[in-house]
Amino acid sequence: MEKPPSSTQQHPRRRVAGICLFLLLLIPASWAAAPIHISDADALRIGKRVWQNESNGSVAGLTAWNAGEDFASLGIGHFIWYPQGMRGPFEESFPKFLAYAHERNVTLPVWLNQATACPWKSRAEFSKAKDSAQMRELRQLLAHTVDLQAQFLVARLQQSLAKMLDEAAPGERVNVERQFARVASTPHGCYALVDYVNFKGEGVLHTERYRGEGWGLLQVLEKMHGTQTGAVATREFSNSGAAILRRRVQNSPPERHEARWLPGWLNRVRSYAGNS
């Protein structure tokens, strides 16, 4: 399959800024926002940037199983899919994307529509099947639904603030909301929020903790205390994210060897300090 043309030099501007402002206007009354609708073109721009971050925009990278992990990582956002009987501390997101696609009348392969869990039980089994008909069919579906996957990511961001405010200590809620609004005030900041919440989650699950400390979007926002918007906000978000990820590695179980992933993680969050 030919790799789709890259658009990593394109940047979502006016429309994404409008999306973020629309989101923020809907939040204060009940911590819940109405559905956000973005065009396929805007979604594709965001999706391709996330895809570039996760797997260099390669079609092969849409189906991965990382060494040392007990789950497949699929799609532009490397959505987690556990095999039957396997569960871990991280939120499973690929079945949620499949449900999202089904609700939008996307035709899924029969075997995928009927699957109740990842059909490959281990990384070795997954790697052995990389050229199988099922795997080729899965990659084709994921390569052709980049915009839909991005819509799914934006929908997840929309739901994140309410979840984070529910989880935050009462005294932290105003600051968390303020920091979210600061970062979301520019198109680049909105993209950074979408990417981070996909990358490391909302930070609300108690199963996603090492030594009682999380590493999701909530923890990144809690560490921020500035007031300026624009580039200042995205730089602070980037620095806060880097600090939280370093803390995660320090707290992680030694057998996971998470220090090997830290340089790539830091490169990713450094990109958030760019264009605003």
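Before any of the text, the structure's been laid out above.
Residues numbered from 1 in each chain as written. Predicted model: local features only at pLDDT ≥ 70, side-chain atom pairs only at ≥ 80, totals over all residues. Heavy atoms only, no water.

**Student:** I'm lost on the pattern of salt bridges in this one. Help?
**Tutor:** A pair can form between side chains of opposite charge whenever their charged atoms are brought close. Applying the stated criterion to the full structure yields 13 salt bridges. Note that glutamate 258 and arginine 248 form a salt bridge whose closest N and O atoms lie 2.7 Å from each other. Note that glutamate 258 is positioned in the loop between α11 (231-251) and α12 (262-270) and arginine 248 in helix α11, a separation of ten residues in sequence. Accessibility classification places glutamate 258 together with arginine 248 in one group, the buried group. Each of Glu91, Lys96, Arg156, Lys163 and Glu202 takes part in one network of salt bridges that share partners. (Salt bridge = Lys/Arg side-chain N within 4 Å of Asp/Glu carboxyl O. Helix = DSSP H or I, 4+ residues; strand = E, 2+ residues; numbered from the N terminus. Buried < 20%, exposed > 50% of the residue type's maximum accessible area, 1.4 Å probe, protein only.)

**Student:** What am I meant to see in the packing of helix α9 (residues 187-200) against α12 here?
**Tutor:** Packed helix pairs are specified by the crossing angle of their axes together with the interaxial distance, meaning the distance between the axes. α12 packs onto α9 with a crossing angle of 160° between their chain directions and a minimal axis gap of 11 Å. It follows that α9 is roughly antiparallel to α12 by the angle criterion. Our pair here, α9 against α12, has a crossing hand that is left-handed. Between α9 and α12, the contacting residues are Asp195, Tyr196, Asn198, Phe199 and Lys200 on the first element and Trp265, Arg268 and Val269 on the second. (Axes fitted to C-alpha atoms, helices over the stretch in contact; angles between N-to-C directions. Parallel < 35°, antiparallel > 145°, perpendicular 65-115°, else oblique. Left-handed = near helix turned anticlockwise from the far one by under 90°. Contact = heavy atoms within 4.5 Å.)

**Student:** What is the right way to look at the packing of aromatic side chains in this model?
**Tutor:** A ring pair, where both rings are aromatic, is described by two values, the distance of the centres and the angle of the planes. For the coordinates displayed, the defined rule picks out 18 aromatic pairs. Here phenylalanine 79 and phenylalanine 97 contribute two aromatic rings whose centre-to-centre distance is 5.8 Å and whose plane-to-plane angle is 25°, an arrangement assigned as stacked. In this pair, phenylalanine 79 sits in strand β3 (residues 79-81) while phenylalanine 97 sits in helix α3 (residues 94-103), placing the two residues 18 residues apart along the sequence. A connected cluster of aromatic rings, assembled from ring pairs, spans Phe79, Trp81, Phe94, Phe97, Tyr100 and Phe152. Its guanidinium or amino end placed over the ring of tryptophan 215, arginine 248 lies 4.3 Å from that ring's centre, counting from NZ or CZ. Above the ring of phenylalanine 199, the side-chain terminus of arginine 268 is found at 4.2 Å from the ring centroid. (Phe/Tyr/Trp six-rings, centres within 6.5 Å; stacked < 30°, edge-to-face > 60°. Lys NZ or Arg CZ within 6 Å of the ring centre and 35° of its normal.)

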